[in-house]
Amino acid sequence: MIRTAQTGVLTTNAGGDVVLRRLLVRVVTGESRGVEATLEAGTLVIGSHPDADLQVAERTVSRFHAELSLLADGVRVRDLESRNGTFVRDSRIESVIVQPPAEVTVGKTRIELVPADLPAPEATPELTRFGALVGRSPAMRKAFGVLESAVPLEVPVLLEGEAGTGKSAAARALHDASPRANGPFVVFDATAPAMPLPKAVSRASGGTLVLDRLEAIGASAAHQLVSVLDRRERGEIDLRPIGLSRVDLRRRVEEGALRRDLYFHVAAVRAVLPPLRERREDLPLLVAELAQRLGHPGLGLGDEELAPLRHHDFRGNVRELAHLVERSLSESVASQRRSAPPPPPPSDDGLSDLPFKEAKEQLVDAFERRYVASLLERHDGNVSRAAQEAGLDRNYLARLARKHGLR
């Protein structure tokens, strides 16, 4: 965890709002009742020694009794081999993660852990772009705000959203805008890894490790990943993890399908990218952006062409929209080419100055283009019917059409 400009750990709460996570640690029994300390980042040691972060002057409390670590969605309580033990409820523990508000007992002294979160600085409300992602809808502006807040920090980030919503693009933008931009950007697919995890971790050193498809990670891979992230937290590995999931990982934890400690390791900051059907007001902006990327700046779709898109379910989200825009623009450009008058054939005077072979090629090219353009126009671009009329092989006619820019 990294301390921000305001003290605290940057994370997201249950409502999805970015907060600065802090914890009030207060003694509630015994002679030290009322003694308290604030855990803002890193760890806090409880013990009877004057050097302990929270000094508890009780006989049953060891000099350095227990350690608290602040995580994104909880607090790790670890016993430091104390004489009289550390307890959560009635169970003696070695190490456990609890959700504040909670109470722990060191020796015979009860200590309460109380959330003391602070609101994080609000992001620019006018922000409509983050890397390759664009959007003006409230849901996208909220996601951009979370991502922008996370850029300068070293905290892990969890990106959730359906397939095609832009999680990979968001991860890339986070890396490119971060202090690790000059470091490696490595993607590890949790379902079908192209390389073993240790190799991916090694390659990502000094940069960013993207953990894709976390919702489907197997038990063995999850065990390895938790070990890696534990080592990262202790400063033994230098990388920033960014997790990607197509579903709400908290639900997977509640169902027992995902390790809780794995979730804590990757969800310091959590951003949800909404499906396209929930932000249809972004369609004109997205279409214009996609057209520009396809090499047609300033070319978009009119209201008549956008109308059916506003009722499309977009199960493939922005990825599906990109395919639709590419197909629509290709058909539009092809139609414009077909309607353009063919260039006149070269004049005889010009051809007579050329070598015979070159002059013949120019005449043949001009004939082919005029002939194929007229043929396709008569058959509304249907290559099969046009080839049948001309007595040509369909594939040969298609190659001619592509050669002369008619398809």
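Every chain is numbered independently, its residues counted from 1 as its sequence is written. Given that this is a predicted model, residues contribute local features only at a pLDDT of at least 70 and side-chain atom pairs are listed and counted only at 80 or more, while totals for whole chains, interfaces and linings are drawn from all residues. With hydrogens and water set aside, each side-chain value is computed from the structure's full complement of heavy atoms.

Q: Can you lay out the pairing of strand S7 (residues 66-70) for me, pointing to particular residues and giving the numbers?
A: Of all five residues making up S7, five are buried, and the element is well covered by its neighbours. Remark: exposure states derive from per-residue accessible area (1.4 Å probe, protein chains only) relative to the maximum for the residue type, with buried under 20%, exposed over 50%, and partly exposed in between. Think of it this way: any DSSP run of H or I at least four residues long counts as a helix, any run of E at least two long counts as a strand, and we number them from the N terminus. Here S7 shows no split at all, with Ala66, Leu68 and Leu70 on one side and Glu67 and Ser69 on the other all buried. Of the pairings in the sheet, the one linking strand S5 (residues 43-47) to S7 comprises four bridges and is antiparallel in character. The residue bridging isoleucine 46 from the neighbouring strand is alanine 66, located in S7. Alignment of S7 against strand S8 (residues 75-79), held across five bridges, turns out to be antiparallel. Its bridge partner being in S8, glutamate 67 is matched across the sheet by arginine 78. What makes two strands pair is DSSP finding at least two bridges between them.

Q: Give me the lowdown on helix H11 (residues 356-378), citing residues and values where you can.
A: The first and last C-alpha atoms of H11 sit 33 Å apart over 23 residues, in line with the 33 Å expected at 1.5 Å per residue. Residues of H11 that are buried include every one of Ala359, Ala366, Glu368, Arg369, Val372, Ala373, Leu375 and Leu376, and no others. What a helix should span is 1.5 Å times the count of its residues minus one.

Q: Please provide a residue-by-residue account of the packing of helix H12 (residues 383-390) against helix H13 (residues 394-403), values included.
A: Packed helix pairs are characterised by how far apart their axes lie and by the angle those axes make with each other. A fitted line through C-alpha atoms represents every axis, and for helices the fit uses only the stretch in contact; the resulting angles, taken between N-to-C directions, go from 0 to 180 degrees. Interaxial distance between H12 and H13 falls to 9 Å at its minimum, and their mutual angle equals 110 degrees. By the angle class used here, H12 and H13 are roughly perpendicular. On the side of H12, the interface is formed by Val383, Ser384, Ala386 and Ala387, while H13 contributes Arg394, Leu397 and Ala398. The class makeup of the residues in the contact of H12 with H13 is five nonpolar, one polar and one charged. Every angle not falling under 35 degrees, over 145, or within 65 to 115 is termed oblique; those three ranges are roughly parallel, roughly antiparallel and roughly perpendicular. Pairs of residues are marked as contacts when any of their non-hydrogen atoms sit within 4.5 Å. By the convention adopted, Pro, Cys, Tyr, Trp, Phe, Met, Ile, Leu, Val and Ala count as nonpolar, Lys, Arg, Asp and Glu as charged, and the other residues, Gly among them, as polar.

Q: Mind laying out the packing of H11 against H12, listing which residues take part and the relevant values?
A: At their nearest, the axes of H11 and H12 sit 9 Å apart, and the two run at 120 degrees to each other. By the angle between their directions, the pair H11 and H12 is classed as oblique. You can see that H11 and H12 cross each other, and the crossing is right-handed. When H11 is examined against H12, the residues Tyr371, Leu375, Leu376 and Arg378 are found in contact with a partner set consisting of Val383, Ala386, Glu389 and Ala390. Its residues assigned to classes, the contact of H11 with H12 comprises six nonpolar, no polar and two charged. Working rule for handedness: look at the near helix, and if it is turned counterclockwise from the far one by less than a right angle, call the crossing left-handed; if clockwise, right-handed.

Q: Give me the sheet that holds strand S9 (residues 86-88): which residues, what numbers.
A: A sheet is described by the order of its strands in space; here six strands give the open sequence S4-S3-S13-S12-S9-S10, paired in antiparallel fashion. At either margin of the open sheet sits one strand with a lone partner, and together these are strand S4 (36-39) and strand S10 (91-93). Pairwise comparison of adjacent strand axes, ignoring direction, gives a mean angle of 30 degrees for this sheet. Bridge count for strand S3 (residues 23-27) against S4 is four bridges, and the pairing is antiparallel. Across the sheet, valine 25 pairs through a bridge with alanine 37, a residue of S4.

Q: Tell me about the side chain of threonine 109, and please be specific about residues and values.
A: Assignment of secondary structure puts threonine 109 in strand S13 (residues 109-115). Non-local contacts of threonine 109, meaning those with residues more than four positions away in its chain, are made with Val27, Thr29, Val56, Glu58, Val61 and Val104.

Q: Describe the side chain of serine 178, listing the residues and the values that go with them.
A: Note on placement: serine 178 falls in the loop between helix H2 (167-177) and strand S18 (185-189). Beyond its immediate stretch of four places on either side in the chain, serine 178 contacts Val151 and Arg240.

Q: Describe the nonpolar core, and please don't skip the residues or the numbers.
A: Inside soluble globular proteins, nonpolar side chains tend to come together where they are buried. Membership of the largest hydrophobic core comes to 29 residues, with the highest contact counts inside it found for Leu209, Ile217, Leu225, Leu262 and Tyr263. For this core, the secondary structure elements donating two or more residues are S18, helix H3 (197-203), strand S19 (208-212), helix H4 (219-233), helix H5 (249-254) and helix H6 (260-266). Considering each element in turn, this core owes the most residues, five residues, to H4. By nonpolar core we mean a set of buried residues, namely Ala, Val, Leu, Ile, Met, Phe, Trp, Tyr and Cys, connected to one another through side-chain atoms within 4.5 Å. If you look at the next biggest cluster of nonpolar residues, it comprises 25 residues, including Val155, Ala171, Ala173 and Ala268.

Q: If you had to explain the sheet that holds strand S6 (residues 54-55) to someone new, which residues and values would you point to?
A: Sheet architecture is open: five strands sit in the order S6-S5-S7-S8-S11, paired in mixed fashion. Two strands close off the open sheet at either side, each with one partner strand: S6 and strand S11 (95-98).

Q: Run through the packing of aromatic side chains, naming residues and quoting values.
A: Only Phe, Tyr and Trp rings take part, Trp by its six-membered ring, and two of them pair if their centres are within 6.5 Å. Stacked means planes under 30 degrees apart, edge-to-face means over 60, and tilted covers everything else. The final tally for this structure, using the stated rule, is one aromatic pair. Here, a charge over a ring is recorded when the distance from Lys NZ or Arg CZ to the ring centre is within 6 Å and its angle to the ring normal is within 35 degrees. Stacked on the ring of phenylalanine 185, the Lys or Arg arginine 172 has its end atom at 4.3 Å from the ring centre.

Q: Let's hear about the pattern of salt bridges: which residues, and what values?
A: Put simply, a salt bridge is a Lys or Arg side-chain nitrogen that is within 4 Å of an Asp or Glu carboxyl oxygen. Counted according to the given criterion, the structure contains 19 salt bridges. Aspartate 248 is the salt-bridge partner of arginine 270, the closest N and O atoms lying 3.6 Å from each other. Within this pair, whereas arginine 270 is found in strand S21 (residues 269-272), its partner aspartate 248 is found in the loop between strand S20 (240-245) and H5, the two being separated by 22 residues in sequence. When its relative accessible area of 10% is taken as the criterion, arginine 270 is described as buried. It is possible to trace a salt-bridge network through shared partners that takes in Glu160, Asp248, Arg250 and Arg270.

Q: Any details on the confidence of the model for the chain? Residues and values, ideally.
A: Taken as a whole, the chain shows an average pLDDT of 82; of its residues, 83% reach a score of 70 or greater. The predictor's confidence in any single residue is recorded as pLDDT, a number from 0 to 100. Counted against residues more than four places away or in other chains, residues 1-7, with its pLDDT under 50, gives 20 contacts.

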